[in-house]
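Next come the chains, spelled out residue by residue.
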Amino acid sequence: MKEKDEDEIKVVVYHSEQEMPPVPMSVANTLYNKTGTWKYVQPIYQNKTPPCNAGCPAGEDIEGWLSLAGKGDFSEALQLLLSENPFPAICGRICYHPCEKACNRGKFDQPLSINSAERFLGDYGIKQEATTSISTERKKERVAIIGSGPAGLASAYHLANMGYYVALFEASDRLGGSLIKKYSRERLPAEVVEAETERIIKKGIEVRVGTKVGKDVSLESLQREYQAILLATGDQKSKILKAAKGKAILSGLEFLEDTGVKWGVKLEGGIAIIGERDIPEKEIKSTPRIMTDSMGATHEKGVFACGDITFIPRAINHEVGSGKRAAMAIDSYLRGEDIEKKLELVKVGEGELVSMRSYITGTAKWVNKVVSFDELNLDYFEEKSRFLTPEMFAKGAIIKDEIAIQEAERCFHCGVCTQCDNCYIYCPDLAIRRRKDSQGYSINYDYCKGCLICVHECPRNAMSYEGVVK
Amino acid sequence: MKKILMGNHAVSYGALLSRVEVIAAYPITPQTQVVEKLSEMCAQGKLKARYINVESEHSAMAACIAAEQAGARAFTATSSHGLTLMHELLHWAAGARLPIVMANINRSMAPGWSIWTDQNDSLSQRDTGWLQIYCESSQEVLDSIIQAYKIAEQVLLPVMVLLDAFFLSHTYEPVDIPDQGLVDQFLPKLDYAYKIDIKDPCSFGSLLPPEYYLELRYKMQKAMEEAHDVIIQVDKEYQQMFGRSYGGLVEEYRTEDAELVLVASSTAASTSRMVVDQLRDEGMKVGMLKMRFFRPFPTQEVINALKGVKKVAVIDRNISYGQGGIFCEEIRSVLYNIDQHERPPVFGYIAGLGGRDITPTTIREILSHTLKEDKPKENIIWIGVKR
């Protein structure tokens, strides 16, 4: 912990009053007294998972992009958002936003208007024709993705970002899958879908529309040509059968049958079954799903699945997350690595959510502990109702930048240090210091008495504590 | 240059001439004009000082302590309850060895509410480690403020300059205002050796364990003892430069062959001076010992002035309940160890509490009572109590 010369222990002993200054002042220092030995609890400085992030199936760093948006840096906020989810404008319109339910501010006044803020940033991205960077390293492996719905597109996006050659097979003549079939134009305009799809395709993805795998091209031939295959055909049977009975559309189930993969049959390394617990018994037979491991690998080597064909709730955010998990699984598979070993690193919170940034950088921004409302120090927050609401979009209002900034500024930043200096200021032992690299603070445990004032005064639980220290 | 000044403004001019750098004060009757004038001087740019408005006298002294610790010459003024509210920090200022100077207008303590004079407010601060100068005239007030800084900055102890409420604080007298250039020569800019220095950081006033506390208190008492000679030296230098002397710690007035010596302080000394003159004219061998300094106590001066005198009468405008007049008790105390045959009987009179007038008639009454009695029959002889 030694930082400066004055950190060296200095002791002065006087033998007569004449040697002493007349003033009660320090002439040495108190470093000999390692008050850290007194403690039985100690603070831990550690970013924790904000509940919004833990509540986002797409695995967005919501707190992170709100923080940047709150500083008015929309461009960086968008980039951070796009690093996890290529569809902010789409999600900003159709996502059921469980993040807002998770938001701790909801127990204080009103949750952050995350969904609307995402829409604001997504629209900003479309207007600015924002692009995202891709890896400079071009990889030799080729990946075939079958199905261009949100999961397939999300996976294509992440794989392309990683430098893979990606071919996207779409049976219909248009990209988008459920994005263009499932939602009304009022709710999700075609140009928004086109803009965000286009941004993905521009990354050099080969697009094969009107190409039905199993009919126009065989899976075997794809397996010869591509090192990994991703099935992202969606849950076509239940919906399509109800809506367009008798039409010759290949459902997930039919696809599986055509390619020889049987659902409901126990196979070595994994099984394919139908149904999910959320679906009533009678419907189970009509909702075929492929059993995969948590990251989307099927029992068959080199074949992965994501999206509604797998066991996920059928919603855009889950589909984006599923596509991302599959992209990670494929990358790990092609590198000959075990994705399961990276799970702890890439996990967000305790569920299945994953962070692409953690995967790419190899470091996580937070530990998986999710910060609860009770762990905040509310004395540091004042009540403020929403500045930005979904109704403003419905009315067609033009959202001023200031509104978005003010809304983002409402964020408590649960679990994430904002370098407010409270811990540094309140530490009675000067045991907390600002780090020289400006990356927050360090705690000198030699002198920290474990009074936990820093923990109490941290508004957002970035400073927490652990129990008995010997 | 002579001006007609009220006692309070004499304080302000003393601070102005001393070029104080920080003033932190809270107004209180009868001190208000001191700080009004100072704030005016600051506002007009005559005095280049930082004037800090504070929310209490406790904060005023705290601000002065911080300013002085930072190496600035600090000043405040207060009275009565304001002074007693400062009590904790008076100990701090002295213990930290900060040469702060303050004026206190002696005003009685409540209840009952009184804005009039007696000395109980400042004498209750006797043991805080502050030097105390009790003044008789506005001229002495102005001169004492300047002298106080010179003394304080040499011995590193704070000094309190005291003046009676209304009798001095609100009374206008001609006051000679010394030349600023001369004062600057007499009192150079403060160079406090133990000031806060960010280049050499250290903490002040933190935990001092039993192995060193006693030594620092020993040094404080030594500084008080050293102050004795410093006070005399400063008074001499002041006389050489400005032509006025106050005798250092005490002033003996017509005591050379006196058989009865009256001991008085503050404005009562001024009245006593007149009565002594009258009685001398009437052929009585009386003199007066004016107690200018109460801390450090002028032990040797008191012994020199009173030993071998037939009788001593002490007028106290104060009381230590359960004992007696405070000046009287301390005077008796220092006379105890002199030879018995030289030790005079000391009559202790308490008069004028709460601003009751001490007139020439009061003093004559005290003196005739002392002449009449061989020895004091009571520890306290009360003057003017309606019984």
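Residues numbered from 1 in each chain as written. Chains lettered and ligands numbered in written order. Predicted model: local features only at pLDDT ≥ 70, side-chain atom pairs only at ≥ 80, totals over all residues. Heavy atoms only, no water.

Participant: So what exactly am I meant to see when it comes to the overall build of chain A here?
Facilitator: Looking only at helices and strands, chain A has 19 helices and 13 strands in total. Pairs at least 24 residues apart make up 70% of the contacts formed inside chain A by residues separated by at least 6 positions. Surface exposure of chain A reaches about 22400 Å², of which carbon and sulfur atoms provide 51%. (Helix = DSSP H or I, 4+ residues; strand = E, 2+ residues; numbered from the N terminus. Contact = heavy atoms within 4.5 Å. Areas by Shrake-Rupley, 256 points an atom, 1.4 Å probe, with all protein chains shown as cover.)

Participant: Even after reading the chapter, I still don't get the overall build of chain B, so can you show me in this structure?
Facilitator: Within chain B, the regular secondary structure consists of 13 helices and 15 strands. Projected onto its principal axes, the C-alpha positions of chain B cover 65 × 50 × 45 Å. Evaluated residue by residue, chain B yields a buried proportion of 59% over its 387 residues. Within chain B, contacts between residues at least 6 apart in sequence are counted, and of these 81% link residues at least 24 apart. Summed over its atoms, the accessible surface of chain B is roughly 16200 Å², and 52% of this surface lies on carbon and sulfur atoms. In chain B, 40 positive and 48 negative side-chain charges are present, and the distance between their average locations comes to 2 Å. (Buried < 20%, exposed > 50% of the residue type's maximum accessible area, 1.4 Å probe, protein only. Lys, Arg positive; Asp, Glu negative; His and termini not counted. Charge placed at Lys NZ, Arg CZ, Asp CG, Glu CD.)

Participant: What's the story with the pattern of salt bridges in this structure? I'm lost.
Facilitator: Any two side chains of opposite charge can pair, so long as their charged atoms come close to each other. All names here are of chain B. For the structure shown, the criterion picks out 49 salt bridges over all chains. Ionic pairing is found between Lys150 and Glu237, a salt bridge with its closest N-O pair at 3.3 Å. Of this pair, Lys150 sits in helix H7 (residues 138-155) while Glu237 is found in helix H9 (residues 210-242), placing the two residues 87 residues apart along the sequence. With relative accessibility at 24%, the residue Glu237 sits in the partly exposed group. Salt bridges sharing common partners tie together Glu136, Glu140, Glu251, Arg273, Lys290 and Arg292. (Salt bridge = Lys/Arg side-chain N within 4 Å of Asp/Glu carboxyl O.)

Participant: What's the story with the sheet that holds strand E12 (residues 293-295) of chain B in this structure? I'm lost.
Facilitator: The strands making up a sheet associate through hydrogen bonds between their backbones, and the pairing can be parallel or antiparallel. Residues and elements named next belong to chain B. The strand order across the open sheet built from seven strands is E3-E2-E4-E5-E7-E6-E12, with neighbouring strands paired in mixed fashion. The sheet is open, and its two edges are formed by strand E3 (50-53) and E12, each paired on a single side. Between one strand and the next, the sheet's axes are offset by a mean angle of 20°, whatever the strand orientation. Lying on the sheet, helix H1 (residues 7-17) is in contact with strand E4 (74-79), strand E5 (101-106) and strand E7 (159-164); it crosses E7 at an angle near 155°. (Pairing = 2+ DSSP bridges. Axes fitted to C-alpha atoms, helices over the stretch in contact; angles between N-to-C directions.)

Participant: Would you explain the nonpolar core in this entry?
Facilitator: Side chains of nonpolar character tend, in soluble globular proteins, to be buried together. The biggest cluster of nonpolar side chains holds 110 residues, and the ones touching the most others in it are Met61(B), Phe75(B) and Leu306(B). Of the residues that make up this core, three or more belong to each of domain 1 (2-242) and domain 2 (251-382) of chain B. By size, the runner-up hydrophobic cluster in this structure holds 76 residues, among which are Ala58(A), Ala117(A), Val193(A) and Tyr359(A). (Core = buried A, V, L, I, M, F, W, Y, C linked by side-chain atoms within 4.5 Å. Domains from an automatic or database assignment.)

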